[in-house]
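Fold and contact review
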Amino acid sequence: MAVRIILASQSPIRRDLLTRAGIPHEVQPARVDEDAVKSALLAEEAPPRDIADALAELKAQKISERIPDALVIGCDQVLAFDGDILSKPASPEEARTQLGRMRGKAHRLISAAVICEGGRPIWRHVGVVQMQMRDVSNDYLDDYIARNWDSIRHSVGAYKLEEEGVRLFQRITGDHFHVLGLPLLELISFLAIRGEIKA
């Protein structure tokens, strides 16, 4: 009998990526206080990579401790810009501030995934993508936020590359799946090596 694969995330795009890749899985979002963990790590001056990795591990571990015989995938994404870590915008005004700061400049999107089994991490991957924004106009930013607020309020940096947010960028260096929040190619390789999916 194949091992259960559980995605400890409520992200529709991550679910869709696994489904389209033909990887049978269940979804059980982990309830963690991300802001508290992030604040504690920032107070310790942890780098953005470590913050994304720690949050991904925490989510996977929480579900894995309850269902130890499953492979549980935890994910997190952090946006690093100009010495700051940007979170999901709390309001359209905050989205406007974030996008206004980043336009015409580059930022890093850090995407981490950790698999836990028996309550312990057995695999992890952290990918970094360099995102160069176009110097878009004030009018376009205002219209973009007004049109897309219901969607972008769920995304760090106030954009979704798989939607109209792609128009904000002039160059992206790195793996497209990392931008979407799941290191899919690396995950597939691990599951194939383990014999959990046919290779």
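Residues numbered from 1 in each chain as written. Predicted model: local features only at pLDDT ≥ 70, side-chain atom pairs only at ≥ 80, totals over all residues. Heavy atoms only, no water.

Let's talk about the UniProt feature "active site" (unreviewed entry) in the protein
Our working definition: UniProt positions are given in the numbering used here, feature names are shortened, and annotations may be inferred rather than shown by experiment. Runs of H or I in DSSP of at least four residues are treated as helices and runs of E of at least two as strands, each being numbered from the N terminus. Throughout, a contact is declared for two residues whenever any of their heavy atoms are within 4.5 Å. Each polar contact in these results corresponds to two N or O atoms within 3.5 Å; when the atoms are within protein, one needs to be able to donate a hydrogen and the other to accept it, and residues that are neighboring in sequence are counted only if both atoms are side-chain atoms.
This chain's UniProt record puts "active site" (unreviewed entry) on D76. Following the sequence through the fold, D76 ends up in strand β3 (residues 71–81). Setting aside anything within four residues of it in sequence, one finds D76 in contact with R14, E34, A52, L55, A56, K59, I110, S111 and A112. Of note is the side chain of D76, whose polar atom sits 2.8 Å from the side chain of K59.

Regarding the packing of aromatic side chains
Heads up, the condition is: Geometry of aromatic contacts follows a simple scheme: Phe, Tyr and Trp rings, the Trp one being its six-membered ring, pair when their centres are within 6.5 Å, and the pair is stacked under 30 degrees between planes, edge-to-face over 60, tilted otherwise. Only protein chains enter the area calculation, which uses a 1.4 Å probe; residues under 20% of their type maximum are buried, those over 50% are exposed, and those in between are partly exposed.
Under the criterion given, the structure shown has three aromatic pairs. The interplanar angle of 70 degrees and the centroid separation of 4.8 Å between the aromatic rings of Y159 and F169 together place this pair among those described as edge-to-face. Of this pair, Y159 sits in the loop between α5 (138–152) and β7 (169–173) while F169 is found in strand β7, placing the two residues ten residues apart along the sequence. Look at F169 and you get buried, because its relative accessible area is 9%.

Some words on the pairing of strand β6 (residues 120–133)
The following threshold applies: Here, a strand pair is defined by DSSP locating no fewer than two bridges between the strands.
Pairing analysis gives twelve bridges linking strand β5 (residues 106–117) to β6, with the strands arranged antiparallel. Note that in β6 the partner of I115 across the bridge is W123. Between β5 and β6, which follow one another and run antiparallel, lie two residues, and G118 among them has a positive phi close to 65 degrees. Across four bridges, the pairing between β6 and β7 is antiparallel. For Q132, the partnering residue across the bridge sits in β7 and is R171.

Concerning the packing of helix α2 (residues 34–43) against helix α3 (residues 48–66)
Here is the rule: Where helices are involved, their axes are fitted lines through C-alpha atoms of the stretch in contact, as for all axes, and angles between N-to-C directions lie from 0 to 180°. Each angle is binned into one of four classes, with values under 35 degrees roughly parallel, values over 145 roughly antiparallel, values of 65 to 115 roughly perpendicular, and all other values oblique. Definitions for this section: a left-handed crossing has its near helix turned counterclockwise from the far helix by less than a right angle. A right-handed crossing has that turn clockwise. Each residue gets one label: Ala, Val, Leu, Ile, Met, Phe, Trp, Tyr, Cys and Pro are nonpolar, Asp, Glu, Lys and Arg are charged, and the others, such as Gly, are polar.
Where α2 meets α3, the closest approach of the two axes is 10 Å, and the angle between their N-to-C directions is 140 degrees. Put simply, α2 runs oblique to α3. Handedness of the α2/α3 crossing: right-handed. Residues E34, V37, K38, L41 and L42 of α2 pack against I51, A54, L55, L58 and K59 of α3. Class assignment for the residues of the contact of α2 with α3 results in seven nonpolar, no polar and three charged.

Description of helix α7 (residues 184–194)
The test is simple: What the arc covers is the set of directions going from the helix axis to the C-beta atoms.
All buried positions along α7 are accounted for by L184, L187, F190 and L191. Along the axis of α7, the buried positions cluster into a sector of 125 degrees, meaning they face one direction only. Buried residues belonging to α7 abut β1 (5–7), α1 (12–20), β3, β5, β6 and α6 (176–179). Downstream of α7 by one or two residues, G195 has phi in the positive range, about 85 degrees.

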